[in-house]
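Residue-level structural notes
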Amino acid sequence: MRTIGRNAAYLIIAYGWRLVGGLIATRLVSGYMGAEAYGSYVLALSYVALFRPITTFGFSKILIRETAMAEDRDRLVQLSSAGIVLHGIATVIAVSLALVIALLGIVDHRPAFLAVALGNLALLAADNVLNVLLQGKQVMRYQGLASILATTVNIVLAVILVTLRAPLALVASILVFSVLPGFWLKIRPARRLNLLPARLDLDWGVVKRVLVEGIPVGIVILLGTALVRIDITILSRMVPRADVGIYGAAYKVLDLFIFLPTILSTVSFPALSNAWKSNDSSTISTDFRTSHNTLFVYSLFIALPICIGASIAANTVIKLVYEPEFYDAAPVLRILAIALLLQFFTPLFMNLIVSAGHQKSLIAVRAVGLATNIICNLLLIPRMGIMGSAVATVITNLVLIVGDLWLIRRHLGFMAIPFKESAPLVVAGGIMAVTGFGLGQVMNTMAAGFFGGVVYLLFVMVTKRSWIRDFRLLLAPSRSA
């Protein structure tokens, strides 16, 4: 858990700086380019981003799992060689498809901006190979440092080029140049850990296994991507565009927190995979179940105050961020906060299933989730408007949770929710909700949410005193690489 905690801290800090630095760089570049040119630039980036999932298509997840389980150098070299080849082939396909479709005139683009976007796609794909291999060995501090370095270089280059009044194409290429220092930073530790071979050692059996097992994960990711954003598409066909904007405003607030379950999923998957290898044919190992239960409880500890706090402070948050025409987004935000709470655990359950090698079974659950989302939106939007779409999102995430729990029970033979360990946190969350919503009737709702959060933390500290010791161990110096 110490390694997981430290890796999560590195990535959270890096994300925070990337968020702040990205806003600074965006402000500089957009102001220099002007609305029309910047619109063309964003269009090129958005268009090419559609092809990014092709550069991995699920086999990154399998590579992380197999790298976490690998114990000898030869196996690591074979896996890294397979990763380099598969990512390389997939990247060539993605870039070629994007270029051909653009050349056919289907998408309006500026050639210089399109070239920058394609170059950025290729470099990010190469960078992802290093991230995958380092994640497999739970060495993620370099990924965090590389992200911080890339963001810093991005800001510095933006300031210099804007000050020098550089050509727009050169300013746009900041994205490419900023990735290079971070890429270089990760090469040395990857070599030290035998993750980057001097020459490729291809075992086509390993390549085939990674590809075949990765395809179901890729399908699951595509289905998941579709069901997350299909509500906006359906809304745009059934309600006025202004209502879509109000719904999107609520979604945008919660998007700021979506990175947390993603980071928890990233740092926990190698640990689960490593724990899984100690299983025998008759039983699930204690380490595997303990690792999952600990991750679940810590995820719940983080998720509850965020989601309950967002619900309590919804009115104040919307008024602080948006103009009066968006104030109706507050009740939508309260409902979507429930969906966010559920979304904290779908990646964790997916990791559990994939680490055990049952990723194919996830396809059916995600397909049912997508169908549920579409049907619920079509039924609820005519009756409830944008509130109906928010309720449909909650129902969809609940279906995914139930489906994943059933798969875990079926394939792994245990209940993935540790009720006994979670009960004090649920009680603390209930007390926070009662306190926060009660105070919200007589004071600013954001302040009410803050005081509710303080009550939550005090209750947890009293009922789970062992956590104080756990956090001290988490912050203690680590001797691991």
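My aim in this report is to walk through the structure given alongside it, one point at a time. All of these numbers come straight from a predicted model, not from anything done at the bench.

**Some thoughts on the overall build of the chain**
Counting its secondary structure elements, the chain contains 20 helices and zero strands. Relative to its length of 481 residues, the chain is compact, with a C-alpha radius of gyration of 23 Å against a globular reference of 23 Å. If you line up the chain on its principal axes, its C-alpha atoms span 65 × 60 × 45 Å. Restricting to contacts in the chain with at least 6 residues of sequence separation, those with at least 24 account for 83%. Accessible area of the chain: about 22600 Å², with a carbon and sulfur share of 67%. Placing the 39 positive and 21 negative side-chain charges of the chain at their respective mean positions leaves the two points 5 Å apart.

**Thoughts on the side chain of T396**
With respect to the secondary-structure elements, T396 resides in helix α17 (residues 386-412). Look past the residues within four positions of T396 in its chain and what remains in contact with it is L227, G369, T372 and N373.

**Examining the environment of L211**
Considering the arrangement of structural elements, one finds L211 in helix α9 (residues 204-238). Classification of L211 as partly exposed rests on a relative accessible area of 35%. With residues up to four places along the chain from it excluded, the contact list for L211 reads F59 and L86.

**Describing a nonpolar patch on the surface**
Taken together, the side chains of W17, L19, V20, I24 and L256 define a hydrophobic patch exposed on the protein surface, amounting to about 390 Å² of accessible area. Along the polypeptide, V20 turns up in helix α1 (residues 2-33).

**Regarding the environment of V20**
Judged by its relative accessible area of 42%, V20 is partly exposed. Sequence spacing of V20 and Q359 is 339 residues, and the spatial spacing of their C-alpha atoms is 36 Å.

**Here we look at the pattern of salt bridges**
Scanning the entire structure with this criterion turns up seven salt bridges. Between E66 and R75 there is a salt bridge, with the nearest N and O atoms lying 3.3 Å from each other. Taken together, the shared-partner salt bridges in this structure form one network comprising R65, E66, R75, R209 and E213.

**Observations concerning the packing of helix α15 (residues 346-355) against helix α16 (residues 361-384)**
Where α15 contacts α16, the axes come no closer than 10 Å and their chain directions differ by 155 degrees. Overall, the two elements α15 and α16 adopt an arrangement that is roughly antiparallel. Packed against α15, whose contacting residues are T346, M350, I353 and V354, the element α16 presents S361, L362 and R366 at the interface. Of the residues belonging to the contact of α15 with α16, the class tally is four nonpolar, two polar and one charged.

**Structural notes on the packing of helix α14 (residues 329-343) against α17**
It is the contact of α14 with α17, at a shortest axis distance of 9 Å, that shows an interaxial angle of 10 degrees. In terms of orientation, α14 and α17 fall into the roughly parallel class. Residues P331, V332, I335, L336, I338, A339, L342 and Q343 of α14 touch α17, and the partners they reach there are I386, M387, A390, V391, T393, V394, N397, L398 and I401. A class-by-class count of the residues in the contact of α14 with α17 yields 14 nonpolar, three polar and no charged.

**Observations regarding empty space enclosed by the protein**
A full pass over the atoms with the stated rule returns two cavities of 30 Å³ or more. Considering only enclosed or pocket space, the largest cavity measures out at about 60 Å³ in volume. Around the largest cavity, the lining residues are Y251, L254, D255, I258, L336, A339, L340, Q343 and T393. With four residues, the single largest contributor to the lining of the largest cavity is α14. For the lining of the largest cavity, a count of residues per class yields six nonpolar, two polar and one charged. Approximately 50 Å³ is the volume attributed to the second largest cavity. Around the second largest cavity sit P261, L264, S265, S268, L295, S299, F344, P347 and L348, which together line it. Taken together, the elements giving at least two residues each to the lining of the second largest cavity come down to α11 (259-276), α12 (286-312) and α15. When residues of the lining of the second largest cavity are assigned to their parent elements, the largest contribution, four residues, is made by α11.

Calculation criteria
- Residues numbered from 1 in each chain as written.
- Predicted model: local features only at pLDDT ≥ 70, side-chain atom pairs only at ≥ 80, totals over all residues.
- Heavy atoms only, no water.
- Helix = DSSP H or I, 4+ residues; strand = E, 2+ residues; numbered from the N terminus.
- Rg over C-alpha atoms; globule rule 2.2 N^0.38 Å.
- Contact = heavy atoms within 4.5 Å.
- Areas by Shrake-Rupley, 256 points an atom, 1.4 Å probe, with all protein chains shown as cover.
- Lys, Arg positive; Asp, Glu negative; His and termini not counted.
- Charge placed at Lys NZ, Arg CZ, Asp CG, Glu CD.
- Buried < 20%, exposed > 50% of the residue type's maximum accessible area, 1.4 Å probe, protein only.
- Patch = residues over 30% accessible without salt bridge, like charges linked within 9 Å, V, L, I, M, F, W, Y side chains within 5 Å.
- Salt bridge = Lys/Arg side-chain N within 4 Å of Asp/Glu carboxyl O.
- Axes fitted to C-alpha atoms, helices over the stretch in contact; angles between N-to-C directions.
- Parallel < 35°, antiparallel > 145°, perpendicular 65-115°, else oblique.
- Nonpolar A, V, L, I, M, F, W, Y, C, P; charged D, E, K, R; others polar.
- 1 Å grid on protein atoms, 1.4 Å probe; cavity = no way out; pocket = protein on both sides within 12 Å on 5 of 7 lines; lining within 4 Å.
- Points joined across faces, edges and corners; volume = space filled by probe spheres on them.

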